[in-house]
Amino acid sequence: MPRDAALPEVTVTLLTLSFSKPENMSEEHYLELCENPVQFENASAVNNVFFDEANKQVFAVRSGGATGVVVKGPDDKNSIAFRMDDKGEVKCIKFSFENKILAVQRTSKSVDFINFIPEFPHLEFSQECKTKNSCLLGFCWTNWNEIVFITDQGIEFYQVFPDKRTLKLLKSQSINVNWYMYCPETSVILLSTTVQGNVLQPFAFKNGTMSKMSKFEIELPAVPKPAKLSLSERDIAVATIYGQLYVMYLKHHSRTANSPGAEVVLYHLPREGPCKKTHTLKLNTTGKFALNVVDNLVVVHHQSSQTSFIFDIKMKDPDSTLNIHQPVLPPRSIHPYKIPLTGPVAVAAQAPVSCELYSSTWSVFQPDIIISASEGYLWHLQVKLQPVVNLLQDKGKLMDFLLRRRDCKMVILFVCSQVIIRGDKGNLPVVATVFDKLNQVYKEYLEAEQSYTMAVESGASRASTVHKRPVRTQAVIDQSDMYTHVLSTFTERKDSSHKFVIAVLMEYIRSLNQFQITVQHYLYELVIKTLVQHNLFYMLHQFLQYHVLSDSKPLACLLLSLESTYPPAHQLSLDMLKRLSTANDEIVEVLLSKQQVLGALRFVRSVGGHDNISARKFLDAARQTKDQMLFYTIFRFFEQRNQRLRGNPSFTTGEHCEEHVAYFKQLFGEQALMKPVTV
């Protein structure tokens, strides 16, 4: 599986399968090739295939371009096709960003350029290396009009002027170079220097500037005597993992050393400061390997066994302080891939052809690209999370692994359901661990969102400050997600112990409280409904009495609705509303609806609001009870209030109590009305 930019032109005999599959292996393929690959004309004697790692484009060059060049990229809806003069064998061909300028290397001395900008002439121009007697190893575009030449004697950084069809040298650096590697995501070029090739010198490019970064040395398994080139570009890959740039070194098994197998050594390459060896990935086998990075996982393909290993550098062994990692999962093959037959040859009844995996004609590129030049396919490698669920038995580790993946939400919710459905009381510590891991991520997102909101509000006057809103990833599982997809369906199951159901619900609430996340009322409602459903009123009473369920108006209303099933719920509801100092109006409404008019009046007086309440509302409620003495008492209370506030017991027109005054006269006579008291 070579890594060359110019892809192999001939088909090599494919390897045969050399490992036994377990019976359920088909369900355990956690890696797959994407469904819609980029298709191109396969490599042949007349068709050379090239790959540009920066734009992720495949170039099919027929007869040096004279009979056509076809360019295809993963995001391109339509391919680009053009012709160019055959001026010799094409060694390298790449577009600048946005396909504005084409660069073609045909010799070891110069690069040819063709404008593809509509307003400029579609003519070729050329640039030779500035350093005399140097050999051009290749070139990299770092911007739409900035290009770097890499020679065996150093690097030359140019700005391209397509309108003038000239180049301007911005900066150059003399250094002996064996080979180079480019990371387009970070615009960093890595140069192999010294006789052994194991001293690497990185350069960073940004907005027309070239910066020399700290050089570092790759530790070789053995030092050859006499010294010779010992580090090959095939054993080095550069990729971004968890937002950090790493140089990955495939350290092969040393025949002299007593080591169990090859390993991948990761060197962290910061923008500033020294490069340090930070991780070692143990492969525990020997042979030919290739590296990819998919969803922040390092994938190591092993050709002879036709399997792949995956490593997660954030999953640390608690017994290891040296950041030595074993594969997260047992090695498995990439999921079998069928190549559909197309064109006039295809017959409807003819089955698709199986693609030969781990072929020696495969070329692997960073971060996640696999190309078969012999078959004319470019795939993106993908991770399937569902098979991981059964392969990683430790639910804590499984949750850590899933929370760091891109498309994880539905698989995480599935795992939560699986853990609680298959569980019993002995399983509660596992349930607690899962909930805590989810809520830690949830809390971090809520805090980031809160910090962003506060920063925006406080910095509104400072227009120069740009605040970046936190991205809500699929790893943020909120209360709504858990309620909808896990907990509500769990409580409806008939085959689960109701005590375990309640224990799970309370465990989730406990976890939310531990991370100081406000519990949504619908979770409390789910607890109460479950308790009532199983007649566990004593437990409900205890939960409320000891404030296990936090007070809220919706919860109080739910308790009120339970009065017919559980009479004490009425008083529990009132107690809750009283504790909510903002719920006085609701308490009054509840008491009046229960025809407890005197109780409502006493409550209003206890909170000091009796001077402002509506007389009509209370008189309406008193009249509806058909208790004449109660009506008399309430009527007299408001007469006395009127006298105290206005010096006259009569009701004003605005109080709309004329109907009740007439009713009072009808029952008790006009003489019963209170007379104004003059001081």
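This write-up is about the structure you can find in this document. None of the values given here were measured: they were computed from a predicted structure. (Residues numbered from 1 in each chain as written. Predicted model: local features only at pLDDT ≥ 70, side-chain atom pairs only at ≥ 80, totals over all residues. Heavy atoms only, no water.)

If you trace the three strands from one edge of the open sheet to the other, you get β24-β25-β26, paired in antiparallel fashion. At either end of the open sheet lies a strand with only one pairing partner, and these are β24 (289-294) and β26 (307-311). Averaged over all adjacent pairs, the angle separating strand axes in this sheet is 25 degrees, with direction ignored. As judged from the five bridges shared by strand β25 (residues 297-302) and β26, these two strands associate in the antiparallel manner. Bridging across to β26, H301 finds its partner in S308. (Pairing = 2+ DSSP bridges. Helix = DSSP H or I, 4+ residues; strand = E, 2+ residues; numbered from the N terminus. Axes fitted to C-alpha atoms, helices over the stretch in contact; angles between N-to-C directions.)

Attention now goes to the pattern of salt bridges. Applying the stated rule across the entire model yields 27 salt bridges. Notably, a salt bridge pairs K56 with E185, separated by 3.5 Å at the nearest N-O pair. Within this pair, whereas K56 is found in the loop between β3 (47-52) and β4 (57-62), its partner E185 is found in the loop between β15 (179-183) and β16 (188-193), the two being separated by 129 residues in sequence. We classify K56 as buried; its relative accessible area is 13%. As a salt-bridge pair, R469 and E449 come within 2.5 Å of each other at their nearest N and O atoms. Taken as a pair, R469 in the loop between α4 (428-458) and α5 (479-491) and E449 in helix α4 lie far apart in primary sequence, 20 residues in all. Taken together, the salt bridges that share partners define one network made up of D295, D312, R404, R405 and R406. (Salt bridge = Lys/Arg side-chain N within 4 Å of Asp/Glu carboxyl O. Buried < 20%, exposed > 50% of the residue type's maximum accessible area, 1.4 Å probe, protein only.)

Right, let's get into the packing of aromatic side chains. Going through the model one piece at a time under the given rule, you end up with 27 aromatic pairs. Pairing F59 with F95 gives two aromatic rings, centres 5.9 Å apart and planes at 35 degrees, and the pair type is tilted. You can see F59 sitting in strand β4 and its partner F95 sitting in strand β7 (residues 92-95), a full 36 residues away along the chain. In this structure F95 comes out as buried when scored by relative accessible area, which is 1%. With a centroid separation of 6.1 Å and 35 degrees between ring planes, the pair formed by F631 and F635 is classed as tilted. Pair noted here: F631 and F635 are both in helix α14 (residues 628-646), with a separation of four residues, about one helical turn. For the pair shown, F631 and F635 are each scored as buried. Between K100 and the ring centre of W144, over which it is positioned, the NZ or CZ distance is 4.7 Å. (Phe/Tyr/Trp six-rings, centres within 6.5 Å; stacked < 30°, edge-to-face > 60°. Lys NZ or Arg CZ within 6 Å of the ring centre and 35° of its normal.)

Working note: regular strand, side chains alternate between the two faces of the sheet. Along β7, one buried face is formed by C92 and K94 and the opposite face, lined by I93 and F95, is buried too. As judged from the four bridges shared by β7 and strand β8 (residues 101-105), these two strands associate in the antiparallel manner. In the sheet register, C92 faces β8, and the bridge partner there is Q105. Counted between consecutive antiparallel strands, the loop separating β7 from β8 contains five residues, among which E98 sits at a positive phi close to 65 degrees.

Taken in spatial order, the four strands line up as β3-β4-β5-β6 in an open sheet, and their pairing is antiparallel. Each edge of the open sheet is held by one strand with a lone partner, namely β3 and β6 (80-82). In this sheet, neighbouring strand axes are inclined to one another by 15 degrees on average, regardless of whether the strands run parallel or antiparallel. Relative to strand β5 (residues 69-72), β4 runs antiparallel, the two being bridged by four bridges. Bridged to V61 within β5 is V69.

Looking now at unusual backbone geometry. Note the cis peptide between Q366 and P367, where omega equals 0 degrees. Among the structural elements, P367 can be located in the loop between β30 (362-365) and β31 (369-372). Positive phi, normally seen in glycine, also occurs at K626, with a value near 60 degrees. Structurally, K626 is set in the loop between α13 (615-624) and α14. Using a relative accessible area of 72% as the deciding quantity, one classes K626 as exposed.

The contact between α13 and α14 brings their axes to 8 Å, and the two run at 165 degrees. Looking at the two axes, α13 sits roughly antiparallel to α14. Seen from above, α13 lies across α14 with left-handed handedness. Between α13 and α14, the contacting residues are A615, F618, L619, A622 and R623 on the first element and L630, F631, I634, F635, F638 and R641 on the second. In terms of residue class, the contact of α13 with α14 is made up of nine nonpolar, no polar and two charged. (Parallel < 35°, antiparallel > 145°, perpendicular 65-115°, else oblique. Left-handed = near helix turned anticlockwise from the far one by under 90°. Contact = heavy atoms within 4.5 Å. Nonpolar A, V, L, I, M, F, W, Y, C, P; charged D, E, K, R; others polar.)

Ranked by size, the top nonpolar core spans 124 residues in total, and within it F401, M482, L549 and F618 carry the most contacts. Ranked by residues supplied to this core, first place goes to helix α6 (residues 498-514) with nine residues. Dropping the residues within four chain positions of it, L549 is found in contact with M506, Y524, V527, I528, L540, F543, L544 and L555. In this structure, L190, I236, Y267 and C275 belong to the second largest nonpolar core, which totals 21 residues. (Core = buried A, V, L, I, M, F, W, Y, C linked by side-chain atoms within 4.5 Å.)

What follows concerns the side chain of K94. On the secondary structure map, K94 appears in strand β7. Within the structure, K94 has its side chain in polar contact with the backbone oxygen of F139 (distance 2.7 Å). (Polar contact = N/O pair within 3.5 Å; in protein donor to acceptor, adjacent residues only side chain to side chain.)

As a further point, take the packing of helix α12 (residues 597-606) against α13. One can describe the packing of α12 onto α13 by two numbers: an axis separation of 10 Å at closest approach and a directional angle of 155 degrees. The angle between α12 and α13 places the two elements in the roughly antiparallel class. Taking contact as the criterion, the partners of V597, A600, L601 and V604 in α12 are, on α13, F618, A621 and A622. Within the contact of α12 with α13, the residues separate by chemical class into seven nonpolar, no polar and no charged.

Time to look at the side chain of K443. Position of K443 among the secondary structure elements: in helix α4. Looking at K443, its side chain comes within polar contact range of the main-chain oxygen of F515, at 3.5 Å.

Further remarks concern the pairing of β8. Burial within β8 is extensive, with five of its five residues counted as buried. Across the two faces of β8 the burial is the same, with I101, A103 and Q105 and L102 and V104 all buried. Two strands pair when backbone bridges link them, and β8 and strand β9 (residues 110-115) are joined in this way by five bridges, in the antiparallel orientation. Within β9, the position partnered with I101 by the bridge is N115. Once β8 ends, the chain turns through four residues before running back antiparallel as β9.

Another point: the environment of D312. Within the fold, D312 resides in the loop between β26 and β27 (324-325). In this structure the C-alpha to C-alpha distance between D312 and V328, which are 16 residues apart in sequence, comes to 6.7 Å. Not counting residues within four places of it along the chain, the set of residues in contact with D312 comprises Y242, L297, H325, V328, F401, R404 and R405. Of note is the side chain of D312, whose polar atom sits 2.7 Å from the side chain of Y242. Looking at D312, its side chain comes within polar contact range of the side chain of R405, at 3.2 Å.

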